[in-house]
Amino acid sequence: MISILFAVLTALSNGTASVLQRRAAADAPEEDALRLSLLRVLLGKGVWIAGIAMSAVAAVCQAVALATGPIAVVQPIFVIELPFTLLLGGLLFGGSFPRSVWLAVAAVAGGLSLFLLAAAPSGGDASVTTGFWPEALLVTGLFLAVLLGLGLRVKGNARAAALGLAAACGYALTAATMKDAMARLDHGAGAFFTGWQLYATMAIGAGSLFVLQNALQAGSLAASQPMLSIGDALISTCYGVTLFSESLRTGWWLVPQLAALGLVLAGCIGLSRSPLADGLAAQPPGGRDSDGVPAGV
């Protein structure tokens, strides 16, 4: 229950951070995409700093969640970040809440619950003992190279989606290295600070944050956030099974699991087409800049 509680807190904190960061990145120059100059622009925006602070809160909550529960339980819970992000954006920036939005939110929440009940992730090791880290890092690196290459070739929402999935992959890997690092605390602070996992978590997390800022700047939140939320959940589950020996139900249980994923996907698509997503994607005329009272994200 502790891991589930802190996973939910992580999702809520990340959703808040996404809204604030999207507000700051939306009006950044397109020529700064995938360049350090984008970070220089964002550092001058107070709303972006607030978003980073919420990301820090999320990181602490995630560390507690991963230290107390399986990664295949913790990370899928993060799909609630999408509906929370859109609902929060609607509340803050004047969006409407039609019946279709609530149906989509219910689909995401119901699909997540069904998936966790059907898959019943359990067991697993606190640390990686299988020696699969080199293979996992190689496969992840190749996957990221393809996504980043694609992101450089396309523009608009296509770039946002590709970079959103790349950020999801990076955050999933960050969760795996973080869980492995937290397990080293059982052997004392020395083992924790001398292990490569801690510094890999910091480096990969920073890189993923940079990619995410570019995803938010490239297109609408509705294009990047579904890829980020669902991609993180699925890739993290793969890490949990392959690296930490966690187990999922198979056999006929795969039927409700697939149905649950379809339900979550339908909910995400519904949210991405909602007025809330439109409101988060553009700033209406007369809106103030990112350091004033925003009229849109």
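Owing to the predicted nature of the structure, the values given are computational and were not obtained by experimental measurement. Residue indices begin from 1 for each chain and proceed along its sequence in written order. Local features in this predicted model are restricted to residues of pLDDT 70 or higher, and side-chain atom pairs are both shown and tallied only at a pLDDT of 80 or more, whereas totals for entire chains, interfaces and linings draw on every residue. The side-chain figures draw on all heavy atoms in the structure; neither hydrogens nor water molecules are used.

A few points about the overall build of the chain
Quick reminder of the rule: Strands are runs of DSSP state E lasting at least 2 residues, helices are runs of H or I lasting at least 4, and numbering of each runs from the N terminus. Exposure classes here rest on a 1.4 Å probe applied to the protein chains alone. A residue is buried below 20% of its type maximum, exposed above 50%, and partly exposed in between. In this description, contact between two residues means that some pair of their heavy atoms is separated by no more than 4.5 Å. With residues, only the protein chains shown are counted as cover, and all accessible areas are computed by Shrake-Rupley using a 1.4 Å probe.
Helices and strands together make up the secondary structure of the chain, namely 13 helices and two strands. The proportion of buried residues among the 297 residues of the chain is 49%. Long-range contacts, defined here as pairs at least 24 residues apart, represent 83% of the contacts in the chain between residues at least 6 apart. About 12900 Å² of surface is accessible on the chain, with carbon and sulfur atoms providing 71% of the total.

What to know about the packing of aromatic side chains
Aromatic ring pairs are defined here through the distance separating the ring centres and the angle between the ring planes. This is how the line gets drawn: Working definition: rings of Phe, Tyr and Trp (its six-membered ring) pair if their centres are within 6.5 Å, and the pair is stacked with planes under 30 degrees apart, edge-to-face with planes over 60 apart, and tilted otherwise.
Taken as a whole, this structure holds three aromatic pairs when the rule is applied. When the centroid spacing of 5.3 Å and the interplanar angle of 80° are considered together, the rings of tryptophan 133 and tryptophan 196 count as edge-to-face. You can see tryptophan 133 sitting in helix α7 (residues 133-153) and its partner tryptophan 196 sitting in helix α10 (residues 196-218), a full 63 residues away along the chain. A residue is classified by how much of its surface remains accessible, and tryptophan 196, at 40% relative accessible area, is partly exposed.

A short note on the confidence of the model for the chain
The line we're drawing: Note: pLDDT gives the predictor's confidence per residue, expressed from 0 to 100.
Per-residue confidence for the chain averages 81 on the pLDDT scale, and 83% of its residues sit at or above 70. When the elements of the chain are averaged for pLDDT, helix α13 (residues 275-281) gives the smallest value, 61, and α7 the largest, 93. In this model residues 282-297 is a low-confidence stretch, pLDDT under 50, and it forms 34 contacts with partners more than four residues away in sequence or in other chains.

Focus on the packing of α7 against helix α8 (residues 156-183)
Let me state the cut-off plainly: In this analysis, axes come from line fits to C-alpha atoms, helices being fitted only over the stretch in contact, and the angle between any two N-to-C directions falls in the range 0 to 180 degrees. Roughly parallel here means an angle under 35 degrees, roughly antiparallel means over 145, roughly perpendicular means 65 to 115, and every remaining angle is called oblique. Helix crossings get a hand from a simple test, with the near helix turned counterclockwise from the far one by less than a right angle marking a left-handed crossing and a clockwise turn marking a right-handed one. In this classification, the charged set is Asp, Glu, Lys and Arg, the nonpolar set is Ala, Val, Leu, Ile, Met, Phe, Trp, Tyr, Cys and Pro, and all remaining amino acids, among them Gly, are polar.
At a minimum axis distance of 8 Å, the contact between α7 and α8 shows a crossing angle of 160°. It follows that α7 is roughly antiparallel to α8 by the angle criterion. The two elements α7 and α8 cross, and the hand of that crossing is left-handed. Listed contacts from α8 to Trp133, Leu137, Thr140, Phe143, Leu144, Leu147, Leu148, Leu150, Gly151 and Leu152 of α7 are Arg159, Ala162, Leu163, Leu165, Ala166, Cys169, Gly170, Leu173, Ala176, Thr177 and Asp180. When the residues that make up the contact of α7 with α8 are grouped by side-chain class, the tally is 15 nonpolar, four polar and two charged.

Structural notes on helix α12 (residues 254-272)
Just so we agree on the cut-off: In this analysis, the expected span of each helix is defined as 1.5 Å times one less than the number of residues it contains. The arc under discussion is defined with respect to the helix axis, by the directions toward the C-beta atoms.
Along its 19 residues, α12 runs 27 Å from first to last C-alpha, staying within 8% of the 27 Å computed at 1.5 Å per residue. Regarding α12, the residues found buried are Pro256, Gln257, Ala260, Val264, Gly267, Cys268 and Leu271. Seen along its axis, α12 keeps its buried residues to an arc of 120°; they face one direction. Exposed residues on α12 whose side chains face more than 90 degrees from its buried face are Val255 and Leu258.

Section: the side chain of glutamate 81
With respect to the helices and strands, the residue glutamate 81 is situated in helix α5 (residues 81-93). Residues contacting glutamate 81, with those up to four places away along its chain left out, are Ala11, Asn14, Gly15, Ser18, Gln225, Leu228 and Ser229.

Describing the side chain of threonine 174
Examined against the element boundaries, threonine 174 turns out to sit in helix α8. Residue threonine 174 is classed as buried on the basis of its relative accessible area, which comes to 6%. Leaving out residues up to four positions away in the same chain, threonine 174 has contacts with Thr201, Ile204, Gly205 and Ser208.

Some thoughts on α8
For α8, built from 28 residues, the straight-helix expectation of 40 Å at 1.5 Å per residue is met to within 8% by its first-to-last C-alpha distance of 41 Å. For α8, the tally of buried residues reaches 23 of 28 residues, placing the bulk of the element in the interior.

Quick notes on the environment of alanine 63
The residue alanine 63 is located in helix α3 (residues 46-68) in this model. When the C-alpha positions of alanine 63 and lysine 179 are compared, they lie 7.1 Å apart, and in sequence the two are 116 residues distant. If we skip the residues at most four places from it in the chain, alanine 63 touches Met178 and Met182.

Describing a nonpolar patch on the surface
This is how it is decided: Within this analysis, patches are made of residues with over 30% relative accessible area and no salt bridge. Like charges are joined at 9 Å or less; nonpolar side chains (Val, Leu, Ile, Met, Phe, Trp, Tyr) at 5 Å or less. Note on definitions: salt bridges are taken to be side-chain nitrogens of Lys or Arg within 4 Å of carboxyl oxygens of Asp or Glu.
Nonpolar side chains collect at one region of the surface, where Phe193, Tyr199 and Met202 lie side by side and expose about 350 Å² of accessible area between them. With respect to the secondary-structure elements, methionine 202 resides in helix α10.

Description of the nonpolar core
Across soluble globular proteins, nonpolar side chains show a tendency to be buried alongside one another. Which entries qualify depends on this criterion: We call a set of buried residues a nonpolar core when its members are Ala, Val, Leu, Ile, Met, Phe, Trp, Tyr or Cys and they connect through side-chain atoms within 4.5 Å of each other.
One finds Trp133, Ala176, Tyr239, Leu243 and Leu271 to be the most contacted residues of the largest nonpolar core, which totals 37 residues. Counting residues per element, this core draws most heavily on α8, at six residues. Those residues in contact with tryptophan 133, other than ones at most four positions away along the chain, are Val128, Leu173, Ala176, Thr177, Asp180, Trp196 and Leu243. Residues Leu147, Ala167, Ala168 and Leu228 belong to the second largest nonpolar core, which totals 11 residues.

Concerning the environment of asparagine 157
Along the chain, asparagine 157 falls in helix α8. Here the alpha-carbon distance between asparagine 157 and glutamine 217, two residues 60 residues apart in the chain, equals 9.8 Å. Here asparagine 157 is in contact with Ala218, Gly219, Ser220 and Ala223, once residues within four sequence places are set aside.

Notes on the packing of α3 against α8
Packing of α3 against α8 leaves a shortest axis separation of 9 Å and a crossing angle of 65°. Of the two elements, α3 crosses α8, and the hand of that crossing is right-handed. Mapping the contact onto sequence places Ala59, Gln62, Ala63, Leu66 and Ala67 in α3 and Ala175, Met178, Lys179 and Met182 in α8. A breakdown of the residues in the contact of α3 with α8 according to their chemical character gives seven nonpolar, one polar and one charged.

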